[in-house]
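What the coordinates show
Next come the chains, spelled out residue by residue.
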Amino acid sequence: MPRPVFRFAPSPNGYLHLGHAYSALLNFDLARRAGGRFLLRIEDIDATRCRPEFEAAIYEDLAWLGISWETPVRRQSEHFARYRDAIDELAGLGLIYPSFESRAEIARLVAQREAGAPWPRDPDGAPLYPGDAKSLSPDERSRLVGQGMPYALRLDMAAACARANQLCWIEHGEGPDGETGVVSARPEAWGDVILARKETPTSYHLSVVIDDAQQGVTDVVRGRDLFWSTSVHLLLQRMLGIPQPVYRHHRLIQDGSGQKLSKSTNATALRELRGQGASPAEIRRLVGLSDDFRNSTGSC
Ligand code: GLU
């Protein structure tokens, strides 16, 4: 029997907090329980926000928690050529087009069209891209790219969905409305998502599916805030002909006022808690994990 493969995939754009500790420990516990492998992946595609000191702190904090991982660690910034190949493959299928509007221009277009009825929003609450650049001619696209205009490469969602047929995934955890078991994907709810930009040949959605496949990940365990992103991931896996893992979306650790934790608040940063004398066992208890890894999944 092949061993299941789990991974924890933080972005080094801040210090890890209790929410990350929960996700990392849960992945590590589940891997050990299943006799599986545990991988760490550094999701550092955003060069403007990721910093080496945050990456160093990730290694330090995870080791302090008692977590060990296989090496070498995959760092996304070292695999841009692989993501570019995937974009080329999708472009070859006619599923990619460039859009040239800034965020403010998109907001203006949406506001104009919202005059009659509310404009559709994606599961994160952002307005769907109105699709204006989809109708530009090949000549017009080349002219704008040639002029040095910034652009985003978008997935033609309607075309991709037409190729995909029915998509569903196995959910071992729970979605925001209690969805579990076999869940039907709804990628169309995201509209024409951005898969790359002029300066960055990838996006969260694209690199996560390429990397999970490249690393042989069988079990994706991550926060419930990413539950509906899974729809886009399934669609990309289908378009690129790569395997589909099973998923477990876990509860999010909240602060005292019921808000999702953020990397910018120090109060729950692991290094802060460590400095105040907290032990790794106390961190486990704080996030609701039992001391024994064999019992640690009950409340996820
Ligand atoms: N890098 C993402 C984050 O830090 C996690 C991605 C995933 O687990 O799919 O939120």
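Residues numbered from 1 in each chain as written. Predicted model: local features only at pLDDT ≥ 70, side-chain atom pairs only at ≥ 80, totals over all residues. Heavy atoms only, no water.

1. Description of the side chain of Gln237
Here Gln237 lies in helix α8 (residues 229-240). By relative accessible area, Gln237 is classed as buried at 3%. With residues up to four places along the chain from it excluded, the contact list for Gln237 reads Val209, Ile242, Pro243, Gln244, Pro245 and Tyr247. (Helix = DSSP H or I, 4+ residues; strand = E, 2+ residues; numbered from the N terminus. Buried < 20%, exposed > 50% of the residue type's maximum accessible area, 1.4 Å probe, protein only. Contact = heavy atoms within 4.5 Å.)

2. A word on the site of the ligand
Every residue lining the ligand is accounted for by Arg7, Ala9, Pro10, Ser11, Glu43, Tyr204, Val208, Arg222 and Leu226. In the model, a nitrogen atom of the ligand is placed 3.4 Å from a nitrogen or oxygen of the Ser11 side chain. With respect to the ligand, the side chain of Tyr204 contributes an N or O atom lying 3.0 Å from an oxygen atom. Against a free-state accessible area of 300 Å², the protein chains account for coverage of 77% of the ligand. Considering only residue class, the shell around the ligand consists of 5 nonpolar, 1 polar and 3 charged. (Near = heavy atom within 4 Å. Polar contact = N/O pair within 3.5 Å; in protein donor to acceptor, adjacent residues only side chain to side chain. Areas by Shrake-Rupley, 256 points an atom, 1.4 Å probe, with all protein chains shown as cover. Nonpolar A, V, L, I, M, F, W, Y, C, P; charged D, E, K, R; others polar.)

3. Things to note about the pattern of salt bridges
By the definition in use, this model includes 21 salt bridges. The shortest N-O distance in the salt bridge between Asp46 and Arg49 comes to 4.0 Å. Relative accessible area serves as the criterion here: at 29%, Asp46 is assigned to the partly exposed category. Linked through salt bridges whose partners overlap, the residues forming this network are Arg7, Arg41, Glu43, Arg74, Asp211 and Asp212. (Salt bridge = Lys/Arg side-chain N within 4 Å of Asp/Glu carboxyl O.)

4. Some details on the nonpolar core
Formed by 37 residues in total, the largest nonpolar core has its most connected members in Leu90, Leu155, Trp169, Leu195, Leu206 and Leu235. The element that contributes the greatest number of residues to this core is α8, accounting for 6 residues. Apart from residues lying up to four places away in sequence, Leu235 is in contact with Leu155, Met157, Ala160, Cys161, Ala164, Leu167 and Pro187. Of all hydrophobic cores here, the second largest spans 29 residues; its members include Leu18, Ile67, Val73 and Val287. (Core = buried A, V, L, I, M, F, W, Y, C linked by side-chain atoms within 4.5 Å.)

Structural measurements only, silent on function.
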